[in-house]
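Structural characterization, general
Chain by chain, the residues:
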Amino acid sequence: MRFLVCLIACVVAAAHADAGARHVRQTKTAAHANKATKSAKSLATPGKSAVRKPSPAVIARQDCLSDQTAAILAGCTRMLGDAKLSRDDRVLALATRARALLARRETERAIEDVTQAIRLARADVGLYALRIDAQRAKGALVPALADCAHAIALAPGRADLLATRADILLALNDPAGAAADFGKILAGDARSVPALLGRARAHRALGKTNDAHADLAAAEAASPSDTRILHMLADLDEDAGNIDSALAAAARAIAIDSSDPRHWILKGRLHALKHETTAAGEAYDQALALDPTAGEAISGKALLDQETGNLDGALAGTAAALAVAPKDRSALTLRAAILRDNKQYADALAILDRLISIDPSNTAAWIDRGVVLRLEGRLEAAVESYSNALSHDTRAREAWYNRGLALMAMGQPVKAVPDLAKAIGLSVDKSGPMLARGAAYEAMGDLDRALADYTRVLELSPHSLQARRNRAFLLVKRRDFETGCPEIWRLAAETPDHANTQWLLGACHAARGDKETAERSYTRAAEIDRSFEPHLSAVVSRVAEKHAPAL
């Protein structure tokens, strides 16, 4: 019995002990859970010490690497203010800020930033490429060219760098250098369409028409549906006067994509060059049906109005084009030409000055401005305008030619000759500048060279009336009546009201001893042009007294 009581007491005690242990464990678990809950609440509650905010340096970096320009500029600037910033991070911040500045067209500051980055990482080709972009945006092509050389030295053969340098060389009027760089690209990839198009541009600038055609043919074979190639082919054929071939290229472009108004505009312009006004107008109308704001089509129709003598319609057309696009260069150029043809010289100059303010390197605008100034009689200003054109493009044939003519008008044939020689070298049709150079030689008294130029012009253009006159007049002035007078007879029959021809016809009659007919020719010249009157009596007297031709 005592044993049974003891056993029961032991069981009860063990049960109590086990319950106590469970209570301790439960208490500890609850305590841990409570602590974890408090910790979680602490982390989730703003302002608690457990919250870790990003540091200012981290925020600056995040802003610098964002896609918002304002944030990039602010963040990168804060990064760069950290004296402990690593070299790599400093380069990163400078380059990133430079790109943002370039996007905002702050080119000077962009160049400063990327220059600092290059000082820290001189072997980084990407930094040179970035500075090249900034310098080109600024118009600083010579420094950009130097950077191209550095970048290519670091990464020889990289096609993008060679293409960039070639584009810069073209802009700097070095088409030979550009052709060489495009050739290096093509040596690695003979079917590179951008390189073929680039080299075609270079060959065109060099006057190598066949080589340019070959490049464009290769480009078209590589990319038959690329209408840019067809436009370049049309331009090349237009340069060479092959308008029908150019029209065929335009037709192929339209066949590829008839919804592109640019192809119809090209067709319209080419028909206009052939004086096919109806076909040109229809092409321009098609372009305008596709895009009523197509300024080139509006300007093209205005040009047709100008050519048909409808100057009011032409001015209205250019006004409509400029209402759509106030900086449309073709519309501004055409409007200036119409105003010039209408002898509204001051208004034409105002338009040309506006064009130049939009693009100071607009060579054509400087040339047109010189022409208007020459028409106004402001020859020195005209020469200066042509010189400005040549400062931007030393291969501008029209600038050399017109400056030579202006110098001739100023009585400076010695200075005119080198300009006219340059124009001859750059011209496909050399007749005009060669005729002018002959006149310059004649004014200088160098009659042999003058005669050689006039003779060469007649070989190139056998029907050039002015060349025939100049050569015949010179021969008669040299008293080579046997060679010169037969041409004078023909000229007098073709143009009986030309004063100079009648005057020299008088000399030819006198050389044959026909005094009365000579006197009638001299008198007729004075009737046509009163500037001959003061010389009439003296010449007639000399012929009567000496029975010899008087010039």
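For clarity, every value in this text was computed on a predicted model and none was experimentally measured.

Within the protein chain, the regular secondary structure consists of 30 helices and zero strands. A burial count over the protein chain gives 42% of its 551 residues as buried. Restricting to contacts in the protein chain with at least 6 residues of sequence separation, those with at least 24 account for 42%. For the protein chain, the computed accessible surface area is about 29,000 Å², with 54% contributed by carbon and sulfur atoms.

On to helix α16 (residues 295-307). In a regular helix each residue adds 1.5 Å, so 13 residues correspond to 18 Å; α16 covers 18 Å between its end C-alpha atoms and thus fits that length. Burial in α16 covers these residues: Gly295, Ala297, Ile298, Ser299, Gly300, Ala302, Leu304 and Gln306. Contacts from the buried residues of α16 go to α14 (261-273), α15 (277-290), α17 (311-324) and α18 (329-341). One or two steps after α16, the chain reaches Gly309, where phi turns positive at roughly 85°.

A word on the state of the cysteines. By definition, a disulfide is the covalent link that joins the sulfur atoms of two cysteine residues. As enumerated under the stated definition, the model contains two disulfides in all. The disulfide that involves Cys64 links it to Cys76, with 1.9 Å between the sulfurs. Classification of the bridge connecting Cys64 and Cys76 rests on its S-S torsion, roughly 80°, and on that basis the disulfide is right-handed. With Cys64 in helix α2 (residues 56-64) and Cys76 in helix α3 (residues 69-80), this residue pair connects regions lying twelve residues apart in the sequence. Since its relative accessible area comes to 0%, Cys64 is described here as buried. The class of Cys76 is buried, set by a relative accessible area of 0%. Between the sulfur atoms of Cys485 and its disulfide partner Cys508 the distance amounts to 2.1 Å. Its S-S torsion of about -95° marks the bond between Cys485 and Cys508 as left-handed, since a negative value means left-handed. With Cys485 in helix α27 (residues 481-494) and Cys508 in helix α28 (residues 499-511), this residue pair connects regions lying 23 residues apart in the sequence.

On to the pattern of salt bridges. Summed over the entire model, instances satisfying the criterion amount to 39 salt bridges. Measuring nitrogen to oxygen at the nearest pair gives 3.6 Å for the salt bridge that ties Asp446 to Arg449. For Asp446, a relative accessible area of 23% corresponds to the partly exposed category. A single salt-bridge network, built from bridges that share partners, covers Arg468, Glu487, Arg490 and Glu494.

This part covers unusual backbone geometry. Within the chain, His275 stands out as a residue other than glycine whose phi angle is a positive 60°. Along the polypeptide, His275 turns up in the loop between α14 and α15. The class for His275 is exposed, based on a relative accessible area of 62%.

All right, on to the packing of aromatic side chains then. One pass over the full model with this rule turns up two aromatic pairs. With a centroid separation of 4.9 Å and 65° between ring planes, the pair formed by Trp503 and Tyr522 is classed as edge-to-face. Here Trp503, found in helix α28, pairs with Tyr522, found in helix α29 (residues 515-528); they are 19 residues apart in sequence, far enough to count as distant. Three or more aromatic residues joined by ring pairs form one cluster here, namely Trp503, Tyr522 and Phe532.

To continue, consider the packing of α2 against α3. Packed helix pairs are characterised by how far apart their axes lie and by the angle those axes make with each other. Remark: α2 packs on α3, axes separated minimally by 7 Å, with the N-to-C direction vectors making an angle of 140°. What the angle tells us is that α2 and α3 run oblique. By crossing handedness, the relation of α2 to α3 is classed as left-handed. Here Ile59, Ala60, Arg61, Asp63 and Cys64 of α2 lie close against α3, whose contacting residues are Ala71, Ile72, Gly75, Cys76, Arg78 and Met79. Looking at the contact of α2 with α3, its residues break down into seven nonpolar, one polar and three charged.

When the terminal C-alpha atoms of α27 are compared, their 19 Å separation across 14 residues agrees well with the 20 Å that a helix rising 1.5 Å per residue should span. When we look at burial in α27, the residues that qualify are Phe481, Gly484, Cys485, Glu487, Ile488, Leu491 and Ala492. Seen from one end, α27 has its buried residues packed into an arc of 165°, which puts them on one side. Exposed side of α27, more than 90 degrees from the buried face: Glu482 and Ala493 are the residues found there. On its buried side, α27 packs onto α26 (465-477) and α28.

For the pair helix α25 (residues 447-460) and α26, interaxial distance at closest approach is 9 Å and the crossing angle is 150°. Handedness of the α25/α26 crossing: left-handed. Mapping the contact onto sequence places Leu447, Ala450, Leu451, Tyr454, Thr455, Val457 and Leu458 in α25 and Ala467, Arg468, Asn470, Arg471, Leu474 and Leu475 in α26. In the contact of α25 with α26, the residues fall into nine nonpolar, two polar and two charged.

Bringing the side chain of Asp181 into the picture now. With respect to the helices and strands, Asp181 occurs in helix α9 (residues 175-188). A relative accessible area of 3% places Asp181 in the buried class. In terms of polar contacts, Asp181 uses its side chain to reach the side chain of Arg165, at 2.7 Å. With residues up to four places along the chain from it excluded, the contact list for Asp181 reads Leu162, Arg165, Ala166 and Leu169.

The rules we used
- Residues numbered from 1 in each chain as written.
- Predicted model: local features only at pLDDT ≥ 70, side-chain atom pairs only at ≥ 80, totals over all residues.
- Heavy atoms only, no water.
- Helix = DSSP H or I, 4+ residues; strand = E, 2+ residues; numbered from the N terminus.
- Buried < 20%, exposed > 50% of the residue type's maximum accessible area, 1.4 Å probe, protein only.
- Contact = heavy atoms within 4.5 Å.
- Areas by Shrake-Rupley, 256 points an atom, 1.4 Å probe, with all protein chains shown as cover.
- Expected span 1.5 Å × (residues − 1).
- Disulfide = S-S within 2.5 Å.
- Salt bridge = Lys/Arg side-chain N within 4 Å of Asp/Glu carboxyl O.
- Phe/Tyr/Trp six-rings, centres within 6.5 Å; stacked < 30°, edge-to-face > 60°.
- Axes fitted to C-alpha atoms, helices over the stretch in contact; angles between N-to-C directions.
- Parallel < 35°, antiparallel > 145°, perpendicular 65-115°, else oblique.
- Left-handed = near helix turned anticlockwise from the far one by under 90°.
- Nonpolar A, V, L, I, M, F, W, Y, C, P; charged D, E, K, R; others polar.
- Arc of directions from axis to C-beta.
- Polar contact = N/O pair within 3.5 Å; in protein donor to acceptor, adjacent residues only side chain to side chain.

Any functional reading would require information that these geometric values do not contain.
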